[in-house]
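What follows is each chain in one-letter form.
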Amino acid sequence: MAEAIDTLRGQTSQPQTQPPQRNAQAERAAADRLSVATQWQLMWWRFRKHKLAMLAAVIVAFFYTVVLFADFFAYAQPSESDAQLSLLTPQPIRWFDGDEFRPHVYGISGKRDPRTLRRVYAPDPENKISVTFFTEGYEYKLFGLIPTNRHLLGLDGARPEEAMFLMGTDLQGRDLFSRLMIATRTSLTIGLVGVALSLFLGILLGGISGLYGGLVDNVIQRIIEILRSIPTIPLWMALAAAMPSQWPITRIYFFITLIIALIGWTTLARVVRGRFLSLREEDFVTAAELAGASKLRIIFRHMVPSFLSHIIAATTLALPAMIIAETSLSFLGLGLRAPAVSWGVLLQQASNIQAVASTPWLLLPAAPVIVAVLAFNFLGDGLRDAADPYG
Amino acid sequence: MASYIFNRVLAGLLTIWAASVISFITIQLPPGDYVTSYIANLQAQGTMISTQEADALRQQYGLDQPIYVQYFKWSTQMLQGNFGMAMEFNRPVREVIGDRMTLTIIVSFAAVLFIWVVALPIGIYSAVRQYSIGDYFFTFISFIGIAVPNFMLALVVLYVGYKYMNLESIGGLFSLDMALEPWGYTKIMDLIRHLPLPAVILGLAGMAEVVRILRANLLDELRQPYVVTARAKGLSETRVILKYPVRAALNPFASTIGYIFPFIVSGSIIVSLVLSLPTVGPLLFRSLIAQDLFLAGTILLLLAVLTVVGTLVSDLILMWIDPRIRHGMEGGR
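Treat the numbers as computed from the prediction; the structure is a model and nothing was measured.

> So what's going on with the overall build of chain B? Which residues, and what values?
When its secondary structure is counted, chain B shows 14 helices and 2 strands. Along the first, second and third principal axes, the C-alpha set of chain B runs to 90 × 60 × 35 Å. Residue burial in chain B is summarised as follows: out of 333 residues, 47% are buried. Across chain B, the fraction of contacts at a sequence separation of at least 24, relative to all contacts at a separation of at least 6, is 74%. On chain B, roughly 17100 Å² of surface is accessible, and the fraction owed to carbon and sulfur atoms is 65%. Side-chain charges of chain B comprise 22 positive and 20 negative groups, with the mean position of each set lying 13 Å from the other.

Right, here's the structure in full:
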């Protein structure tokens, strides 16, 4: 511990140019601060230094803001389709009209192709539709409770046939941007629920394994080994294919998380077991035992708080795998199915070479997947480093 | 040492047995069976089938018996090399899977080979030239490899290949005119030309991980006093690095491959669907949708066998390159 304080002190100490006396004083103050800091404070101080992890934390926070207010960020009904508007290219927002700040998008005008006689839609620079903020749009319930119709973006006072498609439309003419917002909510909550289930199984079985040891430990470790050596995607595919297609969305949603958690818990169980094994030998546990504390009290009052931070870090690192799993399954058409909207469901439209070549914007939902997975990885790395303030 | 190998093989066999039970149960999970979906298919085409005929079909495939009897029959037949009939194709499973399984193995090993060949120099370079531009570049590539699910990578490669390189037939493992040819020298050369793309897509994530571990290990080794000694006695820099530190950092290298192998096999399934490779991936997908019991079960089981064998081989390699493990076994601690 003294060593760790030295290193931390080294990092917090004043620059060399300062008079030596003040320097020593500052050092003492820093050391005092460190010795009275709680574990969480130490973690936070350490985490703060990790620039990339801080950035990742901001990004993750942003993603979960979208999750909470998905309907607010969307501006068109995600299921509203219009076959006539199918596969329109993205319309970027233009912020300035001449020199004046007036956000607008170009309207879309339909012309008939003289050769094929099909109606083709193209952006029309003459027709500027202004974009307004905090506009009234379709009705929804905020947090599933408060009925409202406010949206971040909207076309105020636009004619019904005027619309904007920030990321273009899909084959059914649905607005990709709005669908992406709803998909973010689905995919990220699936990750959370999946991780919660894994965590429950992991702590329970890993805890039992680490606490009792012996035969129970052996059996649980063998089960984990077997589960880990079976290739996951084929197993997931088989399990997902077993869900009858007539099931309601909510039930499919629940079972998908269950399927994903089935493999996910093994990693967490290993972390928990390792922690239990090393803590079991610690003096403070022996002391608690000698003081006559019950087993449950020792676990939850003494052991769990000392490795909670590790669990949080491991959980964050487990999330990306969950997100990728759901995306892969839905992409194959074995996970969530329409009318549910998730990142994988959106990407399914870009699953063949013709689609990818002629309508590349359908690949856009890949971007949030990659950014989210990266952010969770960096955040988890930062948390893991910070979880060991003395390490 | 012999007892260590024996134990590993025994654990592998146990895993394979467990995998067979899990596969069989999983395949049995969906309500109804192959005959139900077969009848539904026929009805969709306007053909009716009587209950008697359906029962006869069930009897033919043994679907009318309790599940443990079915499992017992399936597993004993399997041990004799008879994988049952692929109902949808009306051909023995072994015939349907044959080449595709071989190609799955080839693609997976190509990916492992890619990891080994590429990760070693990059890992050494990144450790020796820590914080150089090259190190940052490879770190960046590594993060891409870890963060981008490989099916997405395949999609992006498809897009780039189609859009910017005008490759019409990107993907696949053979040229169009080669696919139906019998095996021969030209066909093998054709396969080798098509292998790099899927191997890189499959191996990128694994490579990233191996580079990360190799770099960390090598950095630890390079700080050891023996490296200073080697330098002090005037060995050339190449020798200083390659002779001992790299050798010592190699151990986790082998064990990581064993841990990554199941991911590669499992990733090959979804990547081959995107790139339309003639491996077992698309076949597994189809058989799962059609509830083709024996075909799907066999594929699941064979994939598990593949990963178990791959892991076992990596354990043996680890034992071969790490004298501490080898001799630790002999001494029996």
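> Pulling in residues and values, what's your account of empty space enclosed by the protein?
A complete count under the given rule lists 4 cavities of 30 Å³ or more for this structure. Each pocket or cavity is described by its volume, and for the largest cavity that value is around 50 Å³.

> Give a detailed account of a nonpolar patch on the surface, specifying residues and quantitative values.
A cluster of nonpolar residues, Ile5, Phe6, Val9, Leu10, Leu13 and Leu316 of chain B, forms a patch on the protein surface that exposes about 520 Å² of accessible area. As for its placement among the helices and strands, Leu316 of chain B is situated in helix H13 (residues 293–321).

> Mind laying out the packing of aromatic side chains, listing which residues take part and the relevant values?
Residue and element names in this part refer to chain A. Applying the stated criterion across every chain yields a total of 15 aromatic pairs over all chains. Taken together, a centroid distance of 5.4 Å and an interplanar angle of 65° make the contact between Phe276 and Phe307 edge-to-face. One end of the pair, Phe276, is in helix H9 (residues 249–280); the other, Phe307, is in helix H11 (residues 295–332), and 31 residues separate them in sequence. Like Phe276, the residue Phe307 is buried in the burial classification. Three or more aromatic residues joined by ring pairs make a cluster, and in this case those are Phe62, Phe63 and Trp343.

> Go over the interface of chain A and chain B with me, naming the residues and quoting the values.
Listed as interface residues are 37 residues of chain A and, on the opposing side, 40 residues of chain B. Of the roughly 3500 Å² buried where chain A meets chain B, counting both sides, 84% is carbon and sulfur surface. Along the contact surface separating chain A from chain B lie 1 salt bridge. One salt bridge connects Arg212 of chain B with Asp381 of chain A, and the closest N-O pair in it is separated by 4.0 Å. Taken together, the connections running from chain A to chain B amount to 2 residue pairs in polar contact (both at pLDDT 80 or more).

> Can you explain the packing of helix H6 (residues 176–212) of chain A against helix H7 (residues 214–229) of chain A? Please cite residues and give values.
Residues and elements named next belong to chain A. The interhelical angle for the contact between H6 and H7, taken along N-to-C directions, is 140°, at an axis separation of 7 Å. With respect to H7, the element H6 is oriented oblique. Judged by the twist between their axes, the crossing of H6 over H7 is left-handed. Counted together, Leu205, Ile208, Ser209 and Tyr212 of H6 and Gly214, Val216, Asp217, Ile220 and Gln221 of H7 form the full contact between these two elements. Taken together, the residues that form the contact of H6 with H7 break down as 5 nonpolar, 3 polar and 1 charged.

> How would you sum up the nonpolar core? Please name residues and give values.
Judged by nonpolar contacts, the single largest core of 173 residues is most densely connected at Met237 and Trp343 of chain A together with Ile115 of chain B. In this structure Ile115 of chain B touches Leu120, Gly203, Gly206, Met207, Val210, Ile257, Ile260 and Ile264 of chain B, once residues within four positions along its chain are discounted. Judged by nonpolar contacts, the second largest core, of 11 residues, contains Leu211, Leu279, Val285 and Phe307 of chain A.

> I'd like to hear about the confidence of the model for chain B, residue by residue, with values.
Per-residue confidence for chain B gives a mean pLDDT of 80, with 91% of residues at or over 70. Scored as a whole, the predicted complex attains pTM 0.79, and scored at its interfaces, ipTM 0.78.

> How would you sum up helix H8 (residues 185–194) of chain B? Please name residues and give values.
Residues and elements named next belong to chain B. The set of residues buried in H8 consists of Lys187, Asp190, Leu191 and His194. For H8, the angular spread of the buried residues around the axis is 100°, confining them to a single face. Projecting away from the buried face of H8 at angles above 90 degrees are the exposed residues Tyr185 and Arg193. In the core, the buried residues of H8 are packed alongside helix H5 (93–128) and helix H9 (196–222).

What counts, and where the lines are drawn
Residues numbered from 1 in each chain as written. Chains lettered and ligands numbered in written order. Predicted model: local features only at pLDDT ≥ 70, side-chain atom pairs only at ≥ 80, totals over all residues. Heavy atoms only, no water. Helix = DSSP H or I, 4+ residues; strand = E, 2+ residues; numbered from the N terminus. Buried < 20%, exposed > 50% of the residue type's maximum accessible area, 1.4 Å probe, protein only. Contact = heavy atoms within 4.5 Å. Areas by Shrake-Rupley, 256 points an atom, 1.4 Å probe, with all protein chains shown as cover. Lys, Arg positive; Asp, Glu negative; His and termini not counted. Charge placed at Lys NZ, Arg CZ, Asp CG, Glu CD. 1 Å grid on protein atoms, 1.4 Å probe; cavity = no way out; pocket = protein on both sides within 12 Å on 5 of 7 lines; lining within 4 Å. Points joined across faces, edges and corners; volume = space filled by probe spheres on them. Patch = residues over 30% accessible without salt bridge, like charges linked within 9 Å, V, L, I, M, F, W, Y side chains within 5 Å. Salt bridge = Lys/Arg side-chain N within 4 Å of Asp/Glu carboxyl O. Phe/Tyr/Trp six-rings, centres within 6.5 Å; stacked < 30°, edge-to-face > 60°. Buried area = accessible area lost by both parts, 1.4 Å probe. Polar contact = N/O pair within 3.5 Å; in protein donor to acceptor, adjacent residues only side chain to side chain. Axes fitted to C-alpha atoms, helices over the stretch in contact; angles between N-to-C directions. Parallel < 35°, antiparallel > 145°, perpendicular 65-115°, else oblique. Left-handed = near helix turned anticlockwise from the far one by under 90°. Nonpolar A, V, L, I, M, F, W, Y, C, P; charged D, E, K, R; others polar. Core = buried A, V, L, I, M, F, W, Y, C linked by side-chain atoms within 4.5 Å. pLDDT = per-residue confidence, 0-100. Arc of directions from axis to C-beta.

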